[in-house]
Amino acid sequence: MKIDANARIKICPRCGNVYHGAPALSRRDNETLVCPDCGTREALESMGVDPDEQEQILAAIHRSGR
């Protein structure tokens, strides 16, 4: 496994989870950077997807090795 010395670990202000890599721009204020999972949740929420289904979709994304 290659480790990027420039990779930064960040904490999502929405969920409090630690993440690395590119953040997502929150749809709530168009300013806050959130973790990719919260960005996905916000996008799904904006389409009317209920929270249980959002979690199922995120689990599928994680299984696929995103």
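In what follows, the structure referred to is the one given above.
Q: Lay out the packing of helix α1 (residues 36-46) against helix α2 (residues 51-63) in plain terms, naming residues and giving numbers.
A: Closest axis-to-axis distance for the α1/α2 pair is 10 Å, and the angle between their directions is 135 degrees. The pairing of α1 with α2 is recorded here as oblique in orientation. In the crossing of α1 with α2, the sense of the turn from one axis to the other is right-handed. For the pair α1 and α2, the contacting residues are Asp37, Thr40, Arg41, Leu44 and Glu45 in the first and Gln54, Glu55, Ile57, Leu58, Ile61 and His62 in the second.

Q: Pulling in residues and values, what's your account of the environment of Cys12?
A: Relative to the helices and strands, Cys12 resides in the loop between β1 (9-11) and β2 (18-20). Look at Cys12 and you get buried, because its relative accessible area is 2%. Counting along the chain gives 24 residues from Cys12 to Pro36, while the straight-line C-alpha distance between them is 9.1 Å. Once residues within four sequence positions are removed from consideration, Cys12 is found in contact with Asn17, Tyr19, Val34, Cys35 and Cys38.

Basis of the calculations
Residues numbered from 1 in each chain as written. Predicted model: local features only at pLDDT ≥ 70, side-chain atom pairs only at ≥ 80, totals over all residues. Heavy atoms only, no water. Axes fitted to C-alpha atoms, helices over the stretch in contact; angles between N-to-C directions. Helix = DSSP H or I, 4+ residues; strand = E, 2+ residues; numbered from the N terminus. Parallel < 35°, antiparallel > 145°, perpendicular 65-115°, else oblique. Left-handed = near helix turned anticlockwise from the far one by under 90°. Contact = heavy atoms within 4.5 Å. Buried < 20%, exposed > 50% of the residue type's maximum accessible area, 1.4 Å probe, protein only.

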